Amino acid sequence: MSIEGPTDIDVAAPQKELDAQLDIKDVEDTLSENTEESQCGDDDESKDFQTLIELDPLKIHLQQRYWFYCREWGLSRMQMKDVYNAVLQEASGVLNPDPSDPPFLCKSEDDESIFYWQVMNIQDGFAECRSLEDEEVEHIHINDLEILYSGDEDFKVSQERQLIMDMYNFFTTFVYPPWGQLDESMNEVPFEPLLRERLNLFNLLASDHVPKHAEFRYRVQKMEFEQAYEDLDRLTATINEIQNELEESEEEKAKLFESMYNQYAKVYRYWLYHAEGLQKMEAEIWEKYHITPEGPIEVVRKINGPRPENEGAVHHLVAEMLTMKDIKELNLDEDAKVRSYATLDLTEALQACHEGDTIILFPGTYEIPYLCDYLFHESITIKGCTDNANDIDLMASDRQRFFILADAVDLKLQNLTLNAQYHTEGAICIRGGSVTLDNVIIRTDEVTRGIVIHPFSDCKMTDCEVEGKHDISVDIKEGAVLTRKGTNKFSVEPVPRKIRAPVIIDVNEVNQSKAVDPVEPVMYAKQQPAPVSAPQEGAGDVIST
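Predicted, not measured: the structure shown is a model, and the values here were computed from it.

(A) Broad picture of the confidence of the model for the protein. In this model, the protein carries an average pLDDT of 80, and 80% of its residues clear a pLDDT of 70 or more. Mean pLDDT across the secondary structure elements of the protein bottoms out at strand E1 (residues 37-40), with 41, and peaks at strand E23 (residues 458-462), with 96. Here residues 1-49 is a poorly scored stretch, pLDDT under 50, and it has 102 contacts once near neighbours within four places are set aside; other chains count. Confidence drops under a pLDDT of 50 for residues 528-545, and excluding neighbours within four residues, the segment shows 53 contacts in the predicted structure.

(B) Local environment of the environment of Asp-82. You can see Asp-82 is positioned in helix H2 (residues 80-95). In this structure Asp-82 comes out as partly exposed when scored by relative accessible area, which is 37%. On a C-alpha basis, the gap between Asp-82 and Phe-191 in space is 9.2 Å, while along the polypeptide they are 109 residues apart.

(C) A look at unusual backbone geometry. With a phi angle near 55 degrees, Asn-415 is a residue other than glycine that sits in the positive phi range. Position of Asn-415 among the secondary structure elements: in strand E19 (residues 411-419). Judged by relative accessible area, Asn-415 falls into the buried class, the value being 7%. Notably, Asn-439 is not glycine yet its phi reads approximately 55 degrees, a positive angle. In this fold, Asn-439 is placed in strand E21 (residues 434-443).

(D) Examining the pairing of strand E5 (residues 114-123) more closely. Both strand E4 (residues 105-109) and E5 contribute to a ladder of five bridges, which runs antiparallel. Opposite Leu-105, over in E5, you have Gln-118 as the bridge partner. Once E4 ends, the chain turns through four residues before running back antiparallel as E5. With six bridges connecting them, E5 and strand E6 (residues 126-131) associate as antiparallel partners. Its bridge partner lying in E6, Val-119 is registered against Cys-129.

(E) View of the sheet that holds strand E3 (residues 53-54). Across the sheet, which stays open at both edges, the six strands sit in the order E3-E8-E4-E5-E6-E7 with antiparallel pairing between neighbours. Of all strands in the sheet, those bounded by a partner on one side alone are E3 and strand E7 (137-141). Summarising the sheet, E4 and strand E8 (residues 146-149) pair through three bridges and their orientation is antiparallel. In the sheet register, Lys-107 faces E8, and the bridge partner there is Glu-146. Sheet strands touched by helix H3 (residues 152-175): E4, E7 and E8. Its angle to E8, the strand with the most contacts, is close to 175 degrees.

(F) Quick look at a negative patch on the surface. Taken together, the side chains of Glu-133, Asp-134, Glu-136 and Glu-138 present a region of like negative charge at the surface. Following the sequence through the fold, Glu-136 ends up in the loop between E6 and E7.

(G) Highlighting the packing of aromatic side chains. The full count for this structure, using the stated rule, is 18 aromatic pairs. Pairing Tyr-261 with Tyr-264 gives two aromatic rings, centres 6.3 Å apart and planes at 25 degrees, and the pair type is stacked. Here the residue Tyr-261 and the residue Tyr-264 both occupy positions in helix H6 (residues 250-289), the gap between them amounting to three residues, near one helical turn. Exposure remark for Tyr-261: the relative accessible area of 45% places this residue in the partly exposed category. A residue is classified by how much of its surface remains accessible, and Tyr-264, at 25% relative accessible area, is partly exposed. Each member of the aromatic cluster is reached from another via a ring pair, and the members are Phe-68, Tyr-69, Trp-73, Tyr-84, Phe-171, Tyr-176 and Phe-191.

(H) Region of interest: the nonpolar core. Core analysis: the largest hydrophobic core is formed by 75 residues, its most contacted members being Tyr-69, Trp-73, Leu-145 and Phe-191. Here this core takes 10 residues from H3, the largest share from any one element. Leu-361, Ile-382, Ile-392 and Leu-437 belong to the second-largest nonpolar core, a separate cluster that totals 50 residues.

(I) Fine view of helix H1 (residues 62-72). Burial within H1 is extensive, with nine of its 11 residues counted as buried. By the burial criterion, the buried members of H1 are Leu-62, Gln-63, Gln-64, Arg-65, Tyr-66, Trp-67, Phe-68, Tyr-69 and Cys-70. The secondary structure elements touched by the buried residues of H1 are H3 and helix H4 (191-205). Positive backbone phi, at 60 degrees, marks Gly-74, one or two positions downstream of H1.

(J) Looking closely at the packing of H3 against H4. At a closest axis distance of 11 Å, the pairing of H3 and H4 adopts a crossing angle of 85 degrees. The pairing of H3 with H4 is recorded here as roughly perpendicular in orientation. Counted together, Phe-170, Phe-171, Phe-174 and Val-175 of H3 and Phe-191, Leu-195, Arg-198, Leu-199, Leu-201, Phe-202 and Leu-205 of H4 form the full contact between these two elements. Across the contact of H3 with H4, the residue classes break down as 10 nonpolar, no polar and one charged.

(K) Seen up close, the environment of Cys-429. Among the structural elements, Cys-429 can be located in strand E20 (residues 428-430). Given a relative accessible area of 1%, Cys-429 falls into the buried group. Expressed as a C-alpha distance, the spacing of Cys-429 and Ile-453, which sit 24 residues apart in the sequence, is 6.4 Å.

Cut-offs applied
- Residues numbered from 1 in each chain as written.
- Predicted model: local features only at pLDDT ≥ 70, side-chain atom pairs only at ≥ 80, totals over all residues.
- Heavy atoms only, no water.
- pLDDT = per-residue confidence, 0-100.
- Helix = DSSP H or I, 4+ residues; strand = E, 2+ residues; numbered from the N terminus.
- Contact = heavy atoms within 4.5 Å.
- Buried < 20%, exposed > 50% of the residue type's maximum accessible area, 1.4 Å probe, protein only.
- Pairing = 2+ DSSP bridges.
- Axes fitted to C-alpha atoms, helices over the stretch in contact; angles between N-to-C directions.
- Patch = residues over 30% accessible without salt bridge, like charges linked within 9 Å, V, L, I, M, F, W, Y side chains within 5 Å.
- Areas by Shrake-Rupley, 256 points an atom, 1.4 Å probe, with all protein chains shown as cover.
- Salt bridge = Lys/Arg side-chain N within 4 Å of Asp/Glu carboxyl O.
- Lys, Arg positive; Asp, Glu negative; His and termini not counted.
- Charge placed at Lys NZ, Arg CZ, Asp CG, Glu CD.
- Phe/Tyr/Trp six-rings, centres within 6.5 Å; stacked < 30°, edge-to-face > 60°.
- Core = buried A, V, L, I, M, F, W, Y, C linked by side-chain atoms within 4.5 Å.
- Parallel < 35°, antiparallel > 145°, perpendicular 65-115°, else oblique.
- Nonpolar A, V, L, I, M, F, W, Y, C, P; charged D, E, K, R; others polar.

Here's what the structure looks like:
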């Protein structure tokens, strides 16, 4: 596989424990005179020899990368058009050496030699490096440098620099690679969903679930793209040299410039072809292989994650106005933590939720134009404060792909009415994990399905109703589970989706065909608990543009 990286995900690891989990060991390599030793000192007659030691490669879980970009660098709510410059400024600012810091030591390599440097300054992703051998100064991109340290006094600082450089390198090479920057419409897309999508794809490509033929196609396409990218850089430099330095006559210069520009245009079309091919191939690989016979691959899930151990769950009360009587009637524990929102805006409460929190909605109509952009990844409960589902009316904006996209281990909705219209993916789209619906009314139209349950996801319904002119109330895909309890009403009775079983036919013995039974969706109508299944992980993110 051309892309390497860890595939395990520690979704519960808080950001404060990141350094402890980087698994960086203070291992000193025995460095020969030709490889890892460089001479330092001002006195030519008595030069000191300084041993430079390499840091072990970082081992960072994908969930930790997600939290670093979103929390440490604060990128989650930024739009894509602003993210790259923000990352560049963050990395350059943090890495820029302070005079009080230990020397910033590093190395670079080419096909023939290894070079040792001290970084004097960093700006816009390029480091001003002074050679430890001959004092020569060069400007090198920080992605081409590898951190070194010389002793205990600069080990910790070197670790911190290595983390920042790794995060910057991962961002520029995979989260936001050159081939991902072609679609101008992506400029207005929030960064957080795209980050989640890219991390999940990285995990899939680094796993064993992508077949060898698909892996090979992707690797070849990427190599072709990278070669075209290098050719573009080379031709750009040559064209600039022709314009600025060559002394030929104007006529000869114009002919040479035209020839080089034609080559540039040809290579650019070739580069663009492979860039678009990479985009399509990545989408194809995700759709085909992120669902395995055992279930979806593990993905980055937690947006906010669990609260610190010393903090309990929080009840988020959403209402235009509250009285003490309203709060007392909720019968919360005396030590319950409560946060209120003086507006009928559910999105603010959702953004503040951690695992295990509860959102309590008071009677009213909630117009939620951007709820379709929120990805339900935290296992939380959203419920109305009364037993009448009609008291809480959630109004979705129309002509979106879905109203609610659920991808949590267990999302609970209770005592609510969902009004969805013209949602092509359904009112509730369960792309992973489980959704529990209790006393929920879903109102749709002729083009909107009520609930779509994707493979290896499940939905538990108790005393719910799905109404509308659609032809599918609940779309149960293969490998999905629908559990019904109590009295549920559907405009169209749910029917598991089935396809013909695959068949192997021996042409010599036509009557002895071998059929393999498909994994069929299951629908439970009895009042019994849902079957215990393997830990569920989501199928990824959908970005509304």
